[in-house]
Amino acid sequence: MRRMRAKKPDPVSPGASASGAAEAPPGGPLKTPDGRYIVVRGRLWRTSNPDLADAERQRLVAELMSARRAVRDAGDDEAARRRARALVDAAKQGLGERGPVWWTDGAPDLNRHLARNTPYAQWFEAQSSADGTT
């Protein structure tokens, strides 16, 4: 019997309210106020480029999902796994989640950093305090 995995939240599009504060969809990941990152278990993960056209974003997400299935299906075939992971990386770079940053203000890439060790620390602490997790 095959185990079903819980569906992961879609980090494809950052969101911000009219006030500029980031909003997370119900049950979705917390997003930084500038929309550059989602926060998962206290760690920042870069979101995709919000300036991508919808059709391009959909194409790249479809490629990413296909590539992830190929990684899963590669099994013990190391060459197939390497090819599939390269496809995952290409799709993520196309989305702006890896590779050069998509913003232009010169801010550093804080992908995979703990939020508490970044300029988002105070904001993150306030979010954690507001939802009672600290």
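Structure shown above.
Residues numbered from 1 in each chain as written. Predicted model: local features only at pLDDT ≥ 70, side-chain atom pairs only at ≥ 80, totals over all residues. Heavy atoms only, no water.

A count of helical and extended segments in the protein gives 3 helices and 3 strands. Across the protein, contacts joining residues at least 24 apart in sequence account for 55% of those joining residues at least 6 apart. Accessible surface for the protein amounts to roughly 9,100 Å². Of this, 52% is attributable to carbon and sulfur atoms. (Helix = DSSP H or I, 4+ residues; strand = E, 2+ residues; numbered from the N terminus. Contact = heavy atoms within 4.5 Å. Areas by Shrake-Rupley, 256 points an atom, 1.4 Å probe, with all protein chains shown as cover.)

Right, let's talk about unusual backbone geometry for a bit. Of note in this structure, Arg41 is not a glycine but carries a positive phi near 50°. Here Arg41 lies in the loop between strand S2 (37-40) and strand S3 (43-46). Take Arg41: its relative accessible area is 82%, and that puts it in the exposed class. (Buried < 20%, exposed > 50% of the residue type's maximum accessible area, 1.4 Å probe, protein only.)

What follows is about the pairing of S2. Of the strand pairs in this sheet, strand S1 (residues 30-31) and S2 are connected by 2 bridges, and their pairing is antiparallel. Of the residues in S2, the one forming a bridge with Lys31 is Ile38. Counting the residues that bridge the hairpin from S1 to S2 gives 5 residues, and of these Gly35 lies at a positive phi of roughly 75°. Across 4 bridges, the pairing between S2 and S3 is antiparallel. Looking at the pairing, Tyr37 lines up with Arg46 of S3. Where S2 hands over to S3, the hairpin turn is made up of 2 residues, of which Arg41 adopts a positive phi near 50°. (Pairing = 2+ DSSP bridges.)

On to the packing of helix H1 (residues 54-73) against helix H2 (residues 78-95), then. Closest axis-to-axis distance for the H1/H2 pair is 8 Å, and the angle between their directions is 160°. For the element pair H1 / H2, the angle class is roughly antiparallel. Of the two elements, H1 crosses H2, and the hand of that crossing is left-handed. In contact with Arg57, Leu60, Val61, Glu63, Leu64, Ala67, Arg68, Ala70 and Val71 of H1, H2 contributes Ala84, Arg85, Leu87, Val88, Ala91, Lys92, Gly94 and Leu95. A per-class count over the contact of H1 with H2 returns 11 nonpolar, 1 polar and 5 charged. (Axes fitted to C-alpha atoms, helices over the stretch in contact; angles between N-to-C directions. Parallel < 35°, antiparallel > 145°, perpendicular 65-115°, else oblique. Left-handed = near helix turned anticlockwise from the far one by under 90°. Nonpolar A, V, L, I, M, F, W, Y, C, P; charged D, E, K, R; others polar.)

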